[in-house]
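A closer look at the structure
Next come the chains, spelled out residue by residue.
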Amino acid sequence: MIVLTILILLVSGIILDELPDEFTETLKNIRNAESNGADVKDLVEKYNRALSILNEINSNEFVSCPSYDICMEEINNILEEINNVNLPSKQATDLSIFIYAIIAAIIASFALTLSYKMLVYYRTRNFMMKRIRIKEDE
Amino acid sequence: MSNINLYDIVSSRLFIVSLIIFLSIAISISYVYTSTDINEPILRLTTFGQNMSIADYYPSESPFIRVGEEVNWNVQIYNKMGKSELVQLRFGIANATNKQVLYEEIQLIANNSTYLLPLKWHIKAADIETRDNNTYSMIKQIVINNNEVNVNIMNTNGTDFRAVIELLRYNENTNKFEYGDKVRWNEIWFRIE
């Protein structure tokens with residue numbers, strides 16, 4: 001499908017004014033993931049790699065892949081890879097951050113209270129031991 | 001140690017007070033970390049000269065560009081539109097009325113990211129022609145980022161040409177690159193020698 005679309009665009013000479021449908025669909029998927037709050041920087045990087053290969057095909061200067069067919073396959077793979085990625089939404093990520101924050105707060109309070117209680121316990125015990133020793137000396 | 005048990009800890013005043021303090025701090029930090037910017041959307045196009053400065057646009061100090069002299073510019077696009085933007089950057093040469101696009105680059109720029117495109121170009125062939133008692137400067141060939149392009153732009157001898165850098169945004173609905181609501185372009189004037 002991608003092959004056909006790009007061929008048509010190459011023949012009509014409008015490849016840089018319009019994008020093949022598969023690129024448009026992938027862009028929509030990236031933007032959907034983004035609107036759900038996902039971090040799409042990796043996907044953007046992959047998309048730009050596909051664009052760069054498309055540019056190589058258009059200018060007939062194959063640098064990152066040796067031939068038209070291999071370049072097309074590469075583009076296909078990249079776009080499929082992007083479309084198949086399931087990024088966690090921002091809401092899910094935010095919720096986990098809040099849950100971790102609450103757990104961390106409980107652990108910190110528990111550790112602080114336990115440390116304080118232990119300090120008090122050891123100081124009381126030492127004090128009692130000293131009193132016993134004084135009484136024994138008397 | 002046997003006197004300290006879990007119930008004593010969690011029911012103590014210290015635990016409750018410290019939990020309230022730690023929770024406030026943790027939730028505040030999480031809120032700041034997860035909150036999104038609500039600034040005005042910006043898509044900025046800037047053209048820098050050599051060394052990323054807003055000077056040294058020409059090979060020499062004057063705005064004259066000789067045939068074969070290399071011009072080094074850096075075009076920077078900053079996207080803070082709140083979403084990824086698919087943009088098309090166009091470089092063209094123009095006289096007072098006509099423009100010819102010589103080079104195009106398409107790039108998807110993530111939100112809150114910057115894309116930098118170095119533009120290295122030189123005039124490979126130019127000519128001076130006389131028609132109807134008027135003398136015209138003609139640019140015939142330009143090499144830009146190693147792409148050789150035939151040009152057909154002429155100007156009255158002694159008047160300026162324009163190097164035009166335009167930024168177009170992709171419109172998903174029309175499947176075309178279009179000028180946005182605010183047209184973004186840079187223009188640098190030069191003369192040929």
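Residues numbered from 1 in each chain as written. Chains lettered and ligands numbered in written order. Predicted model: local features only at pLDDT ≥ 70, side-chain atom pairs only at ≥ 80, totals over all residues. Heavy atoms only, no water.

Here we come to the overall build of chain A. Scanning chain A from terminus to terminus reveals 5 helices and 0 strands. Helices (α) and strands (β) of chain A occur, in sequence order from the N terminus, as α-α-α-α-α. Long-range contacts, defined here as pairs at least 24 residues apart, represent 61% of the contacts in chain A between residues at least 6 apart. When the accessible surface of chain A is summed, it comes to about 8800 Å², and 57% of that surface belongs to carbon and sulfur atoms. (Helix = DSSP H or I, 4+ residues; strand = E, 2+ residues; numbered from the N terminus. Contact = heavy atoms within 4.5 Å. Areas by Shrake-Rupley, 256 points an atom, 1.4 Å probe, with all protein chains shown as cover.)

If you look at the biggest cluster of nonpolar residues, it comprises 35 residues, and the most contacted ones within it are B:Trp73, B:Phe91, B:Ile93, B:Trp121 and B:Phe190. Not counting the four nearest positions on each side in its chain, B:Phe91 is found in contact with B:Trp73, B:Gln100, B:Val101, B:Leu102, B:Tyr103, B:Leu119, B:Trp121, B:Ile144, B:Ala163, B:Val164 and B:Ile165. Membership of the second largest hydrophobic core comes to 29 residues, among which are A:Val44, A:Leu51, A:Cys71 and B:Leu168. (Core = buried A, V, L, I, M, F, W, Y, C linked by side-chain atoms within 4.5 Å. Buried < 20%, exposed > 50% of the residue type's maximum accessible area, 1.4 Å probe, protein only.)

Glancing now at the interface of chain A and chain B. Contacts between the two partners involve 36 residues from chain A and, on the opposite side, 40 residues from chain B. Roughly 3600 Å² of surface becomes buried between chain A and chain B when both sides are summed, with 66% attributable to carbon and sulfur atoms. Our enumeration of links across chain A and chain B arrives at 6 residue pairs in polar contact (both at pLDDT 80 or more). Secondary-structure elements contributing two or more residues to the side of chain A that touches chain B are α2 (21-35), α3 (41-59) and α5 (90-137) of chain A. Sort the elements by how many residues they give to the side of chain A that touches chain B and α5(A) lands first, with 19 residues. For the side of chain A that touches chain B, the per-class residue count stands at 22 nonpolar, 4 polar and 10 charged. (Buried area = accessible area lost by both parts, 1.4 Å probe. Polar contact = N/O pair within 3.5 Å; in protein donor to acceptor, adjacent residues only side chain to side chain. Nonpolar A, V, L, I, M, F, W, Y, C, P; charged D, E, K, R; others polar.)

All we've got here are geometric facts, nothing functional implied.
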